[in-house]
Amino acid sequence: MNNLVKRFAKDESGATAIEYGLIAAGISVAIIAVVNSLGTSLKNTFSNVSSQLGK
């Protein structure tokens, strides 16, 4: 039983999975922020072009 507890304490595979999950979440948030800002910018650009073509 004591050996089992020592092996459980030394096992770091779960911690690695959590770290990869946090990294993936951080990258996802960054991508969403960039896409939102580019989307707004592109919408304004296309609206401007559309209004210039309509004149």
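Rules of the game
Residues numbered from 1 in each chain as written. Predicted model: local features only at pLDDT ≥ 70, side-chain atom pairs only at ≥ 80, totals over all residues. Heavy atoms only, no water. Helix = DSSP H or I, 4+ residues; strand = E, 2+ residues; numbered from the N terminus. Rg over C-alpha atoms; globule rule 2.2 N^0.38 Å. Areas by Shrake-Rupley, 256 points an atom, 1.4 Å probe, with all protein chains shown as cover. Patch = residues over 30% accessible without salt bridge, like charges linked within 9 Å, V, L, I, M, F, W, Y side chains within 5 Å. Salt bridge = Lys/Arg side-chain N within 4 Å of Asp/Glu carboxyl O. Buried < 20%, exposed > 50% of the residue type's maximum accessible area, 1.4 Å probe, protein only.

(A) The arrangement of the overall build of the chain in detail. Broken down by element type, the chain carries two helices and zero strands. Taking 2.2 N^0.38 as the reference for a compact globule, 55 residues should give roughly 10 Å; the C-alpha atoms of the chain span a radius of gyration of 24 Å, well beyond that estimate. Along the three orthogonal principal directions, the C-alpha set of the chain runs to about 80 × 10 × 5 Å. Of the roughly 5,100 Å² of accessible surface on the chain, 67% is carried by carbon and sulfur atoms.

(B) A nonpolar patch on the surface, seen in detail. On the surface, Y20, I23, I27, I31 and V35 cluster together into a nonpolar patch covering about 530 Å² of accessible area. According to the relative accessible area criterion, I27 is partly exposed, its value standing at 48%.

(C) Quick look at the environment of E19. Topologically, E19 is positioned in helix α2 (residues 13–54). Taking the C-alpha atoms as reference points, E19 and A9, separated by 10 residues in sequence, lie 17 Å from one another.

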